[in-house]
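Breakdown of the fold
Listed here are the chains, written in short residue letters.
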There are 2 protein chains.
Amino acid sequence: MAGGGQLARMTQQAAIGLGVSLRVLAGSADDSAAKVVSRARIGDDRSLDDLLSFARGCDVVTFDHEHVPGSHIQKLESSGVPCRPGSAALAHAQDKLVMRERLTAMDVPCPAYVHVPKSAPLRTLEDFARDHGFPLVIKATRGGYDGKGVWVLDALDGAAAGLIDELLSQGVDLMVEEHVPFTRELAAVVARSPYGQGAAYPVVETVQEGGICVEVISPAPGLPAGAAAEAQRLALAVAAELDVVGLLAVELFETRAGLLVNELAMRPHNSGHWTIEGARTSQFEQHLRAVLDLPLGSTEPTAPYTVMANVLGGDDPDVYSRYIHVMAHDPAVKVHMYGKEPRPGRKIGHVTALGDDLADVRERARHAAGYLRWGTRMKEREERR
Amino acid sequence: MAGGGQLARMTQQAAIGLGVSLRVLAGSADDSAAKVVSRARIGDDRSLDDLLSFARGCDVVTFDHEHVPGSHIQKLESSGVPCRPGSAALAHAQDKLVMRERLTAMDVPCPAYVHVPKSAPLRTLEDFARDHGFPLVIKATRGGYDGKGVWVLDALDGAAAGLIDELLSQGVDLMVEEHVPFTRELAAVVARSPYGQGAAYPVVETVQEGGICVEVISPAPGLPAGAAAEAQRLALAVAAELDVVGLLAVELFETRAGLLVNELAMRPHNSGHWTIEGARTSQFEQHLRAVLDLPLGSTEPTAPYTVMANVLGGDDPDVYSRYIHVMAHDPAVKVHMYGKEPRPGRKIGHVTALGDDLADVRERARHAAGYLRWGTRMKEREERR
């Protein structure tokens with residue numbers, strides 16, 4: 001797995017069970033996954049040399065994130081290294097414009113969008129605003145993550161023009177999308193193997209704050225069975241059409257008019273962390289099974305409701321001292337920490353609760369995640385006084 | 001964790017979730033756990049120097065097996081290293097005679113037993129046989145495991161006398177126990193923290209073949225609630241009385257007259273592997289929580305029935321090629337492999353199935369474990385032709 005973040009870290013838990021030797025190419029020995037595998041390879045996953053050297057010991061290469069350049073993955077492939085997902089599929093998770101064009105060609109419902117050319121960008125935006133109204137959602141076509149690379153413009157004033165000009169002059173390729181009046185955000189996580197087998201997890205609701213997912217509820221409460229099946233069908237169709245191998249997470253907007261695709265990710269995804277306890281097969285095991293071309297595991301839920309809440313870093317880095325309260329308060333909540341230095345707002349872990357009563361399960365997950373972030377919360381309260 | 005076997009390996013899966021850095025002292029880089037942790041310390045866990053050097057980097061030391069000499073653990077303790085469980089508790093898992101004497105003093109029901117002295121051993125055995133009949137169960141007081149160190153004598157004939165004479169002359173310390181006419185074997189796994197908190201898992205049935213556990217059924221089918229509660233109470237009492245910290249597995253004989261204690265283990269135990277999927281908190285996480293003095297996790301079962309079947313090595317070492325069948329046949333069965341070289345009869349992994357229908361769950365677990373051992377089974381069939 002190229003990349004040593006928390007996705008690789010949690011994949012290691014699944015690899016241990018499968019008896020599969022997971023090798024990790026990590027930027028540093030302090031990376032989340034590097035701390036929990038035998039002999040992590042320290043290197044740069046955006047360097048072709050490092051990738052080629054790393055891949056020599058691997059039967060198959062997969063990815064912890066989308067930031068390995070597609071041209072490098074193509075070179076790995078042409079040198080005979082099986083990359084799963086492959087470069088052709090990954091392009092759609094690496095470049096939002098490529099993704100939009102392909103999905104639109106497939107008649108998959110997406111927000112209206114258009115590329116923002118370097119020449120006359122403002123005229124393009126003005127035309128787009130005339131058709132679709134404000135706010136405008138400006139996106140970097142490549143390199144975004146967790147709300148980074150997204151700007152919302154309420155008007156095309158001087159400040160907006162200055163921002164666009166600055167981004168384009170920095171070489172950031174931009175597109176604009178309509179601001180979708182969604183009722184909530186959903187995610188459909190599916191897996192697909194080289195053999196062509198597909199497996200779909202229950203469709204979840206994702207709750208975002210400041211562009212960061214803070215809570216995932218499985219299954220999405222009150223989602224009509226037909227809409228859930230449609231989201232799964234759509235995700236499986238995208239996986240098949242794009243020849244995705246491994247996991248595909250499709251982030252969706254639920255609107256009064258139906259579902260629209262927001263983003264794609266081709267790896268284990270934050271919206272699937274709940275599966276570690278909440279599904280018979282975790283998304284991490286599923287990703288390994290898919291990239292190893294093993295039969296896929298059951299996606300059956302293990303409880304009526306599972307809620308995952310992300311743990312964001314607070315001001316107090318001593319998260320461990322707060323385990324005592326969280327574990328004593330709720331012996332059934334599951335804590336997953338990523339071995340990352342807490343910084344305010346950084347995802348450093350997640351907690352999972354499950355049970356029959358959704359309100360209770362949500363409260364338990366929120367309480368545990370909130371308490372583990374306690375430093376910041378307390379400081380915020382003090383500042384408000 | 002001193003020792004690099006599969007128990008340390010599966011403890012690493014739990015440590016990753018808790019964000020705890022598990023260090024392992026393993027005999028070789030090829031050991032089951034050494035393959036899945038960062039920078040395993042390679043050394044001899046029966047060498048005091050290696051233990052002291054290893055312990056310097058640890059907040060607390062715990063054990064993958066019972067074979068670290070008690071005197072070494074005492075020296076670790078006197079040098080200020082917290083060992084959990086401690087040497088005084090562990091002595092009862094390391095020496096069956098010490099265990100029997102202590103449990104008997106606690107009025108815990110045990111099989112009749114007596115030490116076999118080096119002088120006049122046969123007279124002792126004859127006297128014991130007169131009182132308790134044949135067969136006699138001869139046990140090495142120390143060093144046994146998985147049926148090793150146990151001999152069943154149907155008579156005190158020349159062969160038996162020769163065996164006893166040879167064992168004693170090799171310096172093996174022996175005891176004799178009555179052969180208990182048990183109806184089945186059970187196990188009660190509990191955890192205890194330094195704070196004194198206790199937690200008990202459902203009592204399970206363990207099915208042995210040739211002294212090796214091949215199947216564990218949770219909960220023990222048809223066990224009256226009173227007997228289950230009594231087994232849990234007994235295990236918690238033993239844990240408290242012996243000041244056990246971490247897990248305690250109490251192996252029990254179920255007889256028409258009630259429960260008798262067979263063996264004790266103070267670590268994650270084969271009879272608790274089912275908890276990875278079958279309980280809200282796995283025994284591995286529970287052991288870590290206990291030795292770190294964190295509040296214990298919920299032992300609530302996640303399904304009406306969970307069955308674990310051990311995967312024993314067959315003649316064909318290519319177990320991986322058989323994953324395809326096992327996973328395609330049953331997408332919900334969970335495979336746990338230990339990264340060990342398959343040798344006939346060696347425990348190389350386990351599988352877990354869970355559900356509502358016990359007969360179905362048992363059949364699923366047996367099928368998967370049997371198929372993974374396929375090489376031997378097929379050869380045996382061919383030989384029978």
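Residues numbered from 1 in each chain as written. Chains lettered and ligands numbered in written order. Predicted model: local features only at pLDDT ≥ 70, side-chain atom pairs only at ≥ 80, totals over all residues. Heavy atoms only, no water.

1. Remarks on the packing of helix α1 (residues 6-18) of chain A against helix α1 (residues 6-18) of chain B
Cut-off, in case you're wondering: Comment: axis = line fitted to C-alpha atoms, over the contacting stretch for helices; angle = value between 0 and 180 degrees taken between N-to-C directions. A run of DSSP states H or I qualifies as a helix once it reaches four residues; a run of E qualifies as a strand once it reaches two. Both are numbered from the N-terminal end. Orientation labels follow simple angle bins: below 35 degrees gives roughly parallel, above 145 gives roughly antiparallel, 65 to 115 gives roughly perpendicular, and whatever is left gives oblique. Note: crossing handedness is left-handed where the near helix turns anticlockwise from the far helix by less than a right angle, and right-handed where it turns clockwise. The criterion used for residue contact is that any of the two residues' heavy atoms lie within 4.5 Å.
Between α1(A) and α1(B), whose axes approach to 9 Å, the crossing angle comes to 160°. By the angle between their directions, the pair α1(A) and α1(B) is classed as roughly antiparallel. Judged by the twist between their axes, the crossing of α1(A) over α1(B) is left-handed. Taken together, the residues of α1(B) that come into contact with α1(A) (itself represented by R9(A), Q12(A), Q13(A), I16(A) and G17(A)) are R9(B), Q12(B), Q13(B), I16(B) and G17(B).

2. As for the environment of Q94(A)
All names here are of chain A. Let me state the cut-off plainly: Polar contacts, as used here, are pairs of N or O atoms within 3.5 Å; protein pairs need one atom able to donate a hydrogen and one able to accept it. Residues neighboring in sequence count only if both atoms are side-chain atoms.
Locating Q94 in the fold gives a position in helix α4 (residues 87-94). Placed 134 residues apart in sequence, Q94 and A228 show a C-alpha to C-alpha distance of 26 Å. Among residues more than four places away in sequence, those in contact with Q94 are E66, V68, P69, G70, I73, T141, R142 and G143. A distance of 2.9 Å separates a polar side-chain atom of Q94 from the backbone oxygen of E66.

3. A few points about the interface of chain B and chain A
Applicable threshold: Simply put, the buried area is the total loss of 1.4 Å probe accessible area from both parts when two parts are fitted together. Salt bridges are identified by distance alone: a Lys or Arg side-chain nitrogen within 4 Å of an Asp or Glu carboxyl oxygen.
With 35 residues of chain B at the interface, the matching set in chain A holds 35 residues. When chain B packs against chain A, close to 3100 Å² is buried across both sides, 57% of that on carbon and sulfur atoms. Sorting the residues of chain B by area buried against chain A places I16(B), R280(B) and M327(B) first, and these three jointly supply 19% of that buried surface. The interface formed by chain B and chain A contains two salt bridges. Put simply, K334(A) and E285(B) hold a salt bridge, and the shortest N to O gap is 3.2 Å.

4. Section: the UniProt feature "binding site: ATP" (unreviewed entry) in chain A
All names here are of chain A. Selection criterion: UniProt positions are given in the numbering used here, feature names are shortened, and annotations may be inferred rather than shown by experiment.
Feature annotation in UniProt assigns "binding site: ATP" (unreviewed entry) to the following positions: K96, K139, E177, E178, H179, V180, E185, N262 and E263. With respect to the helices and strands, the residue E177 is situated in strand β6 (residues 174-178). Excluding residues that lie within four positions of it along the chain, E177 makes contacts with R100, P111, A112, Y113, F128, L136, V137 and K139. A polar contact of 2.6 Å, which involves the side chain of E177, links it to the side chain of R100. The residue H179 is located in the loop between β6 and β7 (184-192) in this model. With near-sequence residues (within four places) excluded, H179 lies in contact with P135 and V137.

5. Observations concerning helix α4 (residues 87-94) of chain B
All names here are of chain B. Put simply, the rule is: Throughout, exposure labels follow a simple rule: accessible area from a 1.4 Å probe, protein chains only, divided by the maximum for the residue type, with under 20% read as buried, over 50% as exposed, and the rest as partly exposed.
Of all eight residues that make up α4, six are buried, and the element is covered over most of its length. Taken residue by residue, α4 has S87, A89, L90, H92, A93 and Q94 as its buried positions. Turning to α4, the residues buried within the fold contact α3 (70-78), α5 (96-105) and β12 (258-265).

6. Some remarks on the nonpolar core
Just so we agree on the cut-off: By nonpolar core is meant a set of buried Ala, Val, Leu, Ile, Met, Phe, Trp, Tyr and Cys residues that side-chain atoms within 4.5 Å join together.
Counting residues in hydrophobic clusters, the biggest one holds 80 residues, and the most contacted among them are Y323(A), V351(A), L372(A), Y323(B), V335(B), V351(B) and L372(B). Those residues in contact with V351(A) that lie beyond four places of it in its chain are V307(A), M308(A), A309(A), V311(A), V333(A), K334(A), V335(A), A365(A), A368(A), A369(A) and L372(A).

7. Side note on a positive patch on the surface
Put simply, the rule is: Candidate patch residues must exceed 30% relative accessible area and have no salt bridge, after which like charges are joined if within 9 Å and Val, Leu, Ile, Met, Phe, Trp or Tyr side chains if within 5 Å. Method for areas: the Shrake-Rupley scheme with a 1.4 Å probe, in which residue coverage is limited to the protein chains shown. For the charge count, each Lys or Arg is scored as positive and each Asp or Glu as negative, with His and the chain ends excluded. Every charge is mapped to an atom, namely NZ of Lys, CZ of Arg, CG of Asp or CD of Glu.
On the surface, a cluster of positive charge is contributed by R23(A), R39(A), R41(A) and R56(A). Mapped onto the fold, R39(A) is located in the loop between β1 (25-26) and β2 (41-42).

8. Remarks on the sheet that holds strand β5 (residues 150-153) of chain A
All names here are of chain A. Rules: For two strands to count as paired, DSSP must find a minimum of two bridges between them.
Reading across from one edge, β3-β6-β4-β5 is the order of the four strands in this open sheet, with antiparallel pairing throughout. Of all strands in the sheet, those with a lone pairing partner are β3 (113-116) and β5, marking the two edges. Going from strand to strand, the sheet's axes swing by 25° on average, the running direction of each strand aside. Judged from the four bridges that link them, β3 and β6 form a sheet pairing that is antiparallel. By the bridge assignment, V116 is partnered in β6 with L174. Lying on the sheet, helix α6 (residues 121-132) is in contact with β3, β4 (136-140) and β6; it crosses β3 at an angle near 170°. Sitting on the sheet, helix α7 (residues 158-169) is in contact with β3, β4, β5 and β6, with an inclination near 155° to β5.

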